[in-house]
Amino acid sequence: MPPRSLVLLAASLCAGGLAALVYFHDSDLVLLREHLNHPFALGVVACVLVALAAVGLRWMWLRVVIVVVAGLGASVALFGGLLTVAFSSTEEIGFVDGPAPYSIRLQQSMAGLGPDMVTWLSVHRDGGLLSREWDLGCFNDDVPDDTFDSVKWTGPSSVEIRVADGRTFPVALDPASGRPRTTATLNC
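Quick caveat: nothing in here was measured; it's all calculated off a predicted structure.

**Notes on the overall build of the protein chain**
Assigned secondary structure in the protein chain consists of four helices and eight strands. Counting helices and strands in the order they occur from the N terminus, the protein chain gives α-α-α-α-β-β-β-β-β-β-β-β. On C-alpha atoms alone, the protein chain measures out to a radius of gyration of 22 Å, which is more than a quarter above the 16 Å that the 2.2 N^0.38 rule sets for 188 residues. For the protein chain, the C-alpha atoms occupy an extent of roughly 70 × 40 × 20 Å along the three principal directions. Here the protein chain holds 188 residues, and the buried ones make up 33% of them. When contacts within the protein chain are restricted to residue pairs at least 6 apart in sequence, those whose partners lie at least 24 apart make up 40%. Approximately 11000 Å² of the protein chain is accessible, and the part contributed by carbon and sulfur atoms is 66%.

**So, helix 3 (residues 39-54)**
For helix 3, which comprises 16 residues, the first-to-last C-alpha distance of 23 Å matches the rise-based estimate of 22 Å (1.5 Å per residue) to within 8%. For helix 3, the complete set of buried residues consists of Pro-39, Leu-42, Gly-43, Ala-46, Cys-47, Leu-49, Ala-51, Ala-53 and Ala-54.

**Here we look at the packing of aromatic side chains**
Scanning the model with the defined rule gives five aromatic pairs in all. Both rings, one in Tyr-102 and one in Trp-153, keep their centres 6.5 Å apart while their planes meet at 40 degrees; by these two values the pair is tilted. With a gap of 51 residues between them, Tyr-102 in strand 2 (residues 102-110) and Trp-153 in strand 5 (residues 148-155) connect regions that are remote in the sequence. Of the two residues examined, Tyr-102 and Trp-153, each falls in the buried class. Among the aromatic side chains, those forming a connected cluster through ring pairs are Tyr-23, Phe-24 and Phe-40.

**Considerations on the pattern of salt bridges**
Side-chain pairs of opposite charge can arise where the charged atoms are in close proximity. For the structure on display, the rule yields six salt bridges. A salt bridge links Asp-146 to Arg-167, with the nearest nitrogen and oxygen atoms 2.3 Å apart. Here Asp-146 is found in the loop between strand 4 (132-140) and strand 5, whereas its partner Arg-167 is found in the loop between strand 6 (158-163) and strand 7 (168-172), with 21 residues between them in sequence. Judged by its relative accessible area of 34%, Arg-167 is partly exposed. Among the salt bridges present, the one from Glu-160 reaches Arg-162, with a minimum N-O distance of 3.9 Å.

**Quick look at the sheet that holds strand 8 (residues 184-186)**
Here we have five strands laid out as an open sheet, ordered 1-2-3-4-8, and mixed in their pairing. Each edge of the open sheet carries a strand with a single partner, namely strand 1 (90-97) and strand 8. Direction aside, neighbouring strands of the sheet carry axes that sit 25 degrees apart on average. Sheet topology places strand 4 next to strand 8; three bridges connect them, and they run parallel. Directly across from Gly-137, in strand 8, lies its bridge partner Ala-184.

Scoring rules and cut-offs
Residues numbered from 1 in each chain as written. Predicted model: local features only at pLDDT ≥ 70, side-chain atom pairs only at ≥ 80, totals over all residues. Heavy atoms only, no water. Helix = DSSP H or I, 4+ residues; strand = E, 2+ residues; numbered from the N terminus. Rg over C-alpha atoms; globule rule 2.2 N^0.38 Å. Buried < 20%, exposed > 50% of the residue type's maximum accessible area, 1.4 Å probe, protein only. Contact = heavy atoms within 4.5 Å. Areas by Shrake-Rupley, 256 points an atom, 1.4 Å probe, with all protein chains shown as cover. Expected span 1.5 Å × (residues − 1). Phe/Tyr/Trp six-rings, centres within 6.5 Å; stacked < 30°, edge-to-face > 60°. Salt bridge = Lys/Arg side-chain N within 4 Å of Asp/Glu carboxyl O. Pairing = 2+ DSSP bridges. Axes fitted to C-alpha atoms, helices over the stretch in contact; angles between N-to-C directions.

So this is what it looks like as structure tokens:
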């Protein structure tokens, strides 16, 4: 096997390992969550690299088998990625500033195929490349009384979430890290 093929094979193993890592392990680092959390795209890259590595093989039948299997794998990863984007795309609806360096990030997405909207809340701690983000709550407007209404900071390490019928959900944050000690969810 030529050295070029070995390098491509090693690169495909790295891309496949990274795809598996981000698919099965959710990180709280914003850099990883926002920019490297694309397991299906990394899977496609791994399959393409394997196919390119197979071009340097001696046996024609093995080349064809590997290229066909890699093509099928890339197609499945691409289709899976398209389905994921279609059914889980989120739209950012704003930030609620808190005591420095914290803020609350608000996002919305459709709940499956129905008309319901899901509002996602997360605590964001700004730290440059080491910025972190933790889930704070999830509210589905499936039941009109459970619709997210507002969120406000009630102290340096406490947040209060309000829903449409006036119920409130106080959430305490760890003063050292900013990680929520509990989360609030309705119909999620």
